[in-house]
Amino acid sequence: MPDVRIVNVTKKFGKIVAVENVSLHIHDQEYFSLLGPSGCGKTTLLRLIAGLIRPDEGEIYIGDKLVNDVPPEDRDIGFVFQTFALFPHMDAWNNVIYGPKVKGFDMEKATTIGHEVLEMVRLHERLDAFPSELSGGMMQRIAVARALAAGAKLLLLDEPLGQLDAKVRNELRYEIRRMSKDLELTAIHVTHDQSEAMAISDRIAVMKKGKVLQIGTPKELYMNPQSVFVAHFIGESNFLEGYVLNENNNEVLIELRGGIRVSVTNKTLTKGERIVLAIRPEAFIIEKETEKSKNAMLGFVERVTFEGTNIRYEVRLENQDLVVIVKPSLVGEWFNTGEKIILSFPLEKAHVFAYPDVGLREEIAVE
Amino acid sequence: MPKPKITEVLDTLSSRKSVKYGMYSTAVIVFFALILLPPILGIIIKWNTMQQVLIQPELTSRALNAVANSFIIALFVSAIDVAAGIPMAWLITRGKSKWLNVLDTVADIPFIVPTAALGYSLLLFWSEPEGISSLFGSSLVSPGWLLVTLLHFTFSYPVVVRVVVGALLDYKKEYEQASRTLGAPPLTAARTVTFPILKPSLIAAFILAFSRSISETGATIIVAGTLFENGPAFIQKITDDFKAVPPRMDQLTYEGSLAFASFVLIAISFTIFALIRILGPKLKLPIKKIYPTFDRKLSYSKAAFSRDSVTLLIFFAIILIPSLFVALPAFQAISTETLPNAISGVGIWSEYWQSLILSYSLGAIVTIFNVIIGLPMAIIAARRKAGALPSAILDLLVNIPLIVPSIALGVSLKFFWKETFTFMPEMLLLIFAHLAITYPYFVRSMSAAVERISMDTEEAARTLGAKPLGVFRTIILPLTKYSILSGAIMVFTRSVSETGATVAVVTTLRTAPVVIVDWVKQRVAVTVTPLEIGLGCGFLILFSFMILLALRLIVRGRGRY
Ligand SMILES: Nc1ncnc2c1ncn2[C@@H]1O[C@H](COP(=O)(O)OP(=O)(O)OP(=O)(O)O)[C@@H](O)[C@H]1O
Ligand SMILES: [Mg+2]
């Protein structure tokens, strides 16, 4: 029943700092995701936890045990590789019972375990097939079954769904979560797909360039992103640039590019500071030009895309910034291309961040 | 960019069916006419002469004994090669020290040293007073079966290391890591996952070592002494008997013995390769049994450290130092009369330089021929141009010269060509013999390289408007440039080293290894001094090394051969 504690861990490959001073606490029986763009160090962090590589600095605890010097075979983990890494010279069944066998269990016990885990992953046919003969979905199940059969209490999954096509992926992601909950495992799931992470995780750590930017439940990350990057990476955001014109208690008056003035709630900003305002596409309120409310901005509809559930508007503001707005298609009225409108948003739905040192584009770039 | 006219014409021609098939069938016909059929027919022509041997029980059993020795040594040495080569390859690919790059390069040295020079070097080191024996007061290993075994181990070990290193570099480490995360200690992971997956490469390494061992002639004769005989040594000795003045053997018995020994060598060789091919895939490595505690003990640092030490010790003490020991007399020679004599080409040296030139030009000619006739064949084999089954059969046939002991190949080639074209120039015969021996090396490495180019790449070029020859020029050639070079290096070294086939086909022309073997024999009669032999070997090694270095620089940093 392990929790995992990572304390100030750093891992370098030559000059590349793949993981930089990361600290995390993953609770017992939690389903935890490491989320981030390609190359941000997710796999490296997972492999550090597995013991496949060793940290240059910092400590890793599994349960209460410091495992820095423990080889992977003694960490009681199950690792599911992105490419599955099923042993090509063994059939499905022998892949599954490999763990019990190398741990020295007798054949009878190994067989029992094998049947149990196959029951868990709901796979009973084609056990005599070799990996090259299996479909992606089946390989994935075998890979998970093999990891479970080794008796792991800590399941490490490196993009376990990355190789599957969209439909299978959506089905299997809930199944992996269900299994890990049924078996009371702690799971750490690496993915670069934010919708996947949001759908199945208890908590998510968002990573960028080797660092953890924010840890939280999917809801927390969505509702309260603490950086421009997280606001961009989790869900979608419109970014508007400006500076602080005036501050008054918690309400801050901001002037956006082109002289549009809005006010938001924030405690930390000071007068004159350059800022970025992040607003979710669905947070906007659209009205006909005639009316006028607080935080109103003038714009005209440049493009309308019907997406089924939603309608997506691209609106050009007076200052030439383009914002994206999403509205449920079955609620309220529709607007047409070329129509002049007034946009506004509730104070508490906008997030203000200090303007990033490296520039906005660079800050949200995912390479 | 305006295309030169000639390539345009050729490109257009190449899309004609008749031209394409014409070229491929020429390659196939040349293969059958020059490489595959002559040795087979050669033996058949002399089939009846074998009678002459079978009626002399003593000669028959001597021949059979010699052939048996060849196979016993080849099987034993190849097995040891694989066993000793695996830890070395492991150390080279998995170790963390910076020195491993150097070790990796050094591991190729015995491979580069022409075997005749290697044989002399080993002889000096193990049995002559100058070598290790000086520590013991008497010859530590006298010429004979043990020295032959040591020699074969020395030159085949680097081949095995090379193949296993290549396989380990290509191997997806994730399998092993998966095994570790499932609870297997390193040794169990290697035993149950890594090596079973690499089994085809291990078998290939075994076959390569085996085929080099049964073919080696020159160095073997140097270290065999007077009593021990293997197949090639037997053939060489009866040839000496026949050529002696007055002859110690009549022509019919001589030809009969050659045909008989060659036939038995080829037949057994075939049987063994067929067995390896059939049984190899069924061979089970010990993966069923798991020994948790035992494996654990052997897995971790202390055991790994002693394994690495033993590996390095074997490599330096048994492979590297003996291989390079000839440098000692070579350097001694530099400060004596020998060097100026050698350089001005006085006495025996005039023949030496001629033989050196012959060896290297022969190597170059054979390499060029290989590229010309081997490339189309490689493409046929890799792309199944002749239809699935015929291509697979061709692929199999191409490998046959690889498994025929080269001296036997030379013997039957000579029978065939001398019988059909009496006035065949000796040089041409020599070229044919070397071509037949080296052909599979080139075609194999090329077809493997072509196979690695995905069909999609080729098809993409076709859809973009490239004609077949254009595809070859713009896609296949640039992508396989390195393999062509490494194939060429292999052919060249093999040809320069080759003694068996050479002595079998020629009477007057003498290549460098043949001269060195002769010198070593004459050393007993003191017509050639040890310093001279040492220097002769030294030059041979030096020039071979320089040529290889030059070739290697051309493909600098592009991997290994
Ligand atoms: N064995 C290695 N040697 C050198 N560099 C490495 C190694 N493994 C990872 N890196 C580098 O470390 C950085 C982080 O890599 P990592 O594989 O952890 O990223 P990731 O977040 O898993 O990316 P992806 O989503 O593409 O899998 C990258 O810049 C990568 O190039
Ligand atoms: Mg990754």
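Residues numbered from 1 in each chain as written. Chains lettered and ligands numbered in written order. Predicted model: local features only at pLDDT ≥ 70, side-chain atom pairs only at ≥ 80, totals over all residues. Heavy atoms only, no water.

Asks: I would appreciate a short explanation of the overall build of chain B in the present structure.
Replies: Secondary structure summary: chain B contains 27 helices and zero strands in total. The C-alpha radius of gyration of chain B comes to 25 Å, within 12% of the 24 Å expected for a compact globule of 561 residues. The C-alpha extent of chain B, read off along each of the three principal axes, is 70 × 65 × 55 Å. Buried positions account for 56% of the 561 residues belonging to chain B. Considering only intrachain contacts with a sequence separation of at least 6, the fraction spanning at least 24 residues in chain B is 81%. Of the roughly 24,900 Å² of accessible surface on chain B, a fraction of 70% belongs to carbon and sulfur atoms. Chain B carries 48 positive and 31 negative side-chain charges, and their two centres are separated by 11 Å. (Helix = DSSP H or I, 4+ residues; strand = E, 2+ residues; numbered from the N terminus. Rg over C-alpha atoms; globule rule 2.2 N^0.38 Å. Buried < 20%, exposed > 50% of the residue type's maximum accessible area, 1.4 Å probe, protein only. Contact = heavy atoms within 4.5 Å. Areas by Shrake-Rupley, 256 points an atom, 1.4 Å probe, with all protein chains shown as cover. Lys, Arg positive; Asp, Glu negative; His and termini not counted. Charge placed at Lys NZ, Arg CZ, Asp CG, Glu CD.)

Asks: What's the story with the site of ligand 1 in this structure? I'm lost.
Replies: Residues and elements named next belong to chain A. Taken together, Phe13, Ile16, Ala18, Ser38, Gly39, Cys40, Gly41, Lys42, Thr43, Thr44 and Glu159 form the complete shell of residues around ligand 1. Backbone polar atom of Gly39 to an oxygen atom of ligand 1: 2.7 Å apart, as the coordinates give it. Starting from 630 Å² of accessible surface for ligand 1 in isolation, the protein chains cover 60%. Sort the elements by how many residues they give to the shell around ligand 1 and helix H1 (residues 42-50) lands first, with three residues. Across the shell around ligand 1, the residue classes tally to four nonpolar, five polar and two charged. (Near = heavy atom within 4 Å. Polar contact = N/O pair within 3.5 Å; in protein donor to acceptor, adjacent residues only side chain to side chain. Nonpolar A, V, L, I, M, F, W, Y, C, P; charged D, E, K, R; others polar.)

Asks: Sorry, what's going on with the sheet that holds strand E15 (residues 285-288) of chain A here?
Replies: Paired through their backbone hydrogen bonds, the strands of a sheet run either parallel or antiparallel. Residues and elements named next belong to chain A. Spatially, five strands are ordered E15-E19-E16-E17-E18 in an open sheet, and the strand pairing comes out antiparallel. The open sheet has two edge strands with one neighbour each: E15 and strand E18 (322-328). For this sheet, the mean inter-axis angle between neighbouring strands, taken without regard to orientation, is 45°. Judged from the four bridges that link them, E15 and strand E19 (residues 340-344) form a sheet pairing that is antiparallel. The residue of E19 that forms the bridge with Lys288 is Ile341. (Pairing = 2+ DSSP bridges. Axes fitted to C-alpha atoms, helices over the stretch in contact; angles between N-to-C directions.)

Asks: Whenever I open this one, the interface of chain A and chain B confuses me. Can you help?
Replies: How large an interface is tends to be reported as the accessible area lost when its parts come together. Counting from both sides, the interface comprises 25 residues of chain A and, opposite them, 24 residues of chain B. At the boundary of chain A with chain B, total buried surface from both sides reaches about 2,100 Å², with 64% on carbon and sulfur atoms. Inspection of the region where chain A meets chain B yields one salt bridge. Close ionic contact of Glu73 of chain A with Arg180 of chain B constitutes a salt bridge, the shortest N to O distance being 2.6 Å. Counting across the chain A and chain B interface gives six residue pairs in polar contact (both at pLDDT 80 or more). Element by element, the count of residues in the side of chain A that touches chain B is highest for helix H3 (residues 98-102) of chain A, at four residues. Looking at side-chain class alone, the side of chain A that touches chain B contains 15 nonpolar, four polar and six charged residues. (Buried area = accessible area lost by both parts, 1.4 Å probe. Salt bridge = Lys/Arg side-chain N within 4 Å of Asp/Glu carboxyl O.)

Asks: Please clarify how the packing of aromatic side chains should be interpreted in this entry.
Replies: Both the distance between ring centres and the angle between the ring planes are used here to describe each pair of aromatic rings. All names here are of chain A. Evaluation of the coordinates by the stated rule reveals 33 aromatic pairs over all chains. With 6.2 Å between their ring centres and 90° between their planes, Phe284 and Phe345 make a pair best called edge-to-face. Here Phe284, found in the loop between strand E14 (274-279) and E15, pairs with Phe345, found in the loop between E19 and strand E20 (350-354); they are 61 residues apart in sequence, far enough to count as distant. Judged by relative accessible area, Phe345 falls into the buried class, the value being 3%. (Phe/Tyr/Trp six-rings, centres within 6.5 Å; stacked < 30°, edge-to-face > 60°.)

Asks: What am I meant to see in helix H4 (residues 107-120) of chain A here?
Replies: Note: α-helices contain 3.6 residues per turn, so residues at a spacing of three or four share the same orientation. Residue and element names in this part refer to chain A. For H4, which comprises 14 residues, the first-to-last C-alpha distance of 20 Å matches the rise-based estimate of 20 Å (1.5 Å per residue) to within 8%. Those residues of H4 that are buried are in contact with helix H2 (92-96), H3, helix H5 (136-149) and helix H6 (166-182). Immediately downstream of H4, the backbone of Arg122 shows phi near 55°, a positive value. (Expected span 1.5 Å × (residues − 1).)

Asks: Before we go on, may I ask you to explain the packing of helix H8 (residues 145-170) of chain B against helix H10 (residues 186-215) of chain B in this structure?
Replies: Describing two packed helices takes the angle between their axes plus the distance from one axis to the other. Residues and elements named next belong to chain B. Between H8 and H10, the shortest axis-to-axis distance is 9 Å and the interhelical angle comes to 150°. Our classification of the angle between H8 and H10 gives roughly antiparallel. Crossing of H8 against H10: the hand is right-handed. For the pair H8 and H10, contact is made by His152, Phe155, Ser156, Val159, Val160, Val163, Val164, Ala167 and Leu168 and by Thr194, Leu198, Ser201, Leu202, Ala205, Leu208, Ala209, Arg212 and Ser213, respectively. Grouping the amino acids of the contact of H8 with H10 by side-chain chemistry returns twelve nonpolar, five polar and one charged. (Parallel < 35°, antiparallel > 145°, perpendicular 65-115°, else oblique. Left-handed = near helix turned anticlockwise from the far one by under 90°.)

Asks: What is the right way to look at the domain arrangement of chain A in this model?
Replies: All names here are of chain A. Considered domain by domain, chain A is made up of domain 1 (4-230) and domain 2 (236-358). Placing the centre of domain 1 and that of domain 2 at their C-alpha centroids yields a distance of 39 Å. Contacts between domain 1 and domain 2 engage eight residues on the former and six residues on the latter. Around 640 Å² of area is buried between domain 1 and domain 2 when both sides are counted, 60% of it from carbon and sulfur atoms. Of all residues in domain 1, the largest losses of buried area upon contact with domain 2 belong to Tyr222, Pro225 and Val228, amounting jointly to 77% of the total for that side. Summed over the shared surface of domain 1 and domain 2, the number is zero salt bridges. At the junction of domain 1 with domain 2, the criterion picks out three residue pairs in polar contact (both at pLDDT 80 or more). If one sorts the elements of the side of domain 1 that touches domain 2 by residue count, helix H8 (residues 218-223) sits on top with three residues. (Domains from an automatic or database assignment.)

Asks: When you look at the side chain of Thr49 of chain B in this model, what are you seeing that I'm missing?
Replies: Residue placement: Thr49 of chain B occurs in the loop between helix H2 (17-45) and helix H3 (50-54). Contacts of Thr49 of chain B, omitting those with residues within four sequence positions, involve Leu252, Glu255, Gly256 and Ala259 of chain B.

Asks: Looking at this model, I keep getting lost on helix H26 (residues 512-523) of chain B. Mind explaining?
Replies: All names here are of chain B. Here H26 contains twelve residues, and its C-alpha end-to-end distance of 16 Å stays within 8% of the 16 Å for a straight helix at 1.5 Å per residue. Buried residues dominate H26, accounting for ten of its twelve residues. Taken as a whole, H26 has its buried residues at Ala512, Pro513, Val514, Val515, Ile516, Val517, Asp518, Trp519, Val520 and Arg523.

Asks: Help me understand the pairing of E20 of chain A, please; the structure alone is not making it clear to me.
Replies: Within a regular strand, the side chains alternate between the two sheet faces. Residues and elements named next belong to chain A. The element E20 is largely enclosed, with a buried count of four among its five residues. Taken together, the five bridges between E14 and E20 define a ladder with antiparallel strand orientation. Within the sheet, the bridge partner assigned to Val276 lies in E20 and is Phe353.

Asks: Would you explain the pattern of salt bridges in this entry?
Replies: Pairs can form between side chains of opposite charge whenever their charged atoms are close. All names here are of chain A. Tallied over the full model, the rule gives 27 salt bridges over all chains. One salt bridge in this structure joins Arg203 and Glu30, with 2.4 Å as the shortest N-O distance. Placement of Arg203 in strand E9 (residues 203-208) and of Glu30 in the loop between strand E2 (16-26) and strand E3 (31-35) is noted, with a sequence separation of 173 residues between them. The pair formed by Arg203 and Glu30 is uniform in burial state, with each residue classed as buried. A salt bridge links Arg141 to Glu175; the nearest nitrogen and oxygen atoms lie 3.5 Å apart. Pair noted here: Arg141 is in helix H5 and Glu175 is in helix H6, with a separation of 34 residues, a long-range link. Residue Arg141 shares its accessibility class with Glu175, and that shared class is buried.

Asks: Explanation requested: a nonpolar patch on the surface in the structure shown.
Replies: A surface patch of nonpolar side chains, amounting to about 400 Å² of accessible area, comprises Leu37, Ile40, Leu41, Ile44 and Ile45 of chain B. One can find Ile40 of chain B in helix H2. (Patch = residues over 30% accessible without salt bridge, like charges linked within 9 Å, V, L, I, M, F, W, Y side chains within 5 Å.)

Asks: In this structure, what is going on with empty space enclosed by the protein? I would like to understand it.
Replies: Regions of empty space are outlined by a rolling probe, equal in size to a water molecule, passed over the atoms. All names here are of chain B. Applying the stated criterion across every chain, the model contains five cavities of 30 Å³ or more. When its volume is computed, the largest cavity comes out at roughly 100 Å³. As for the largest cavity, its lining consists of 13 residues, of which Thr115, Arg212, Glu216, Arg494 and Glu498 are closest to the centre. Among the secondary structure elements, those contributing two or more residues to the lining of the largest cavity are H10 and helix H24 (468-497). No other element matches H24, which puts three residues into the lining of the largest cavity. A breakdown of the residues in the lining of the largest cavity according to their chemical character gives one nonpolar, eight polar and four charged. The computed volume of the second largest cavity comes to approximately 60 Å³. Surrounding the second largest cavity, Phe111, Ile112, Val113, Pro114, Phe492, Thr493, Val496, Ser497, Ser544 and Leu548 form its lining. Mapped onto the lining of the second largest cavity, the elements with two or more residues apiece are helix H6 (109-112), H24 and helix H27 (530-554). With four residues, H24 is the largest single contributor of residues to the lining of the second largest cavity. (1 Å grid on protein atoms, 1.4 Å probe; cavity = no way out; pocket = protein on both sides within 12 Å on 5 of 7 lines; lining within 4 Å. Points joined across faces, edges and corners; volume = space filled by probe spheres on them.)

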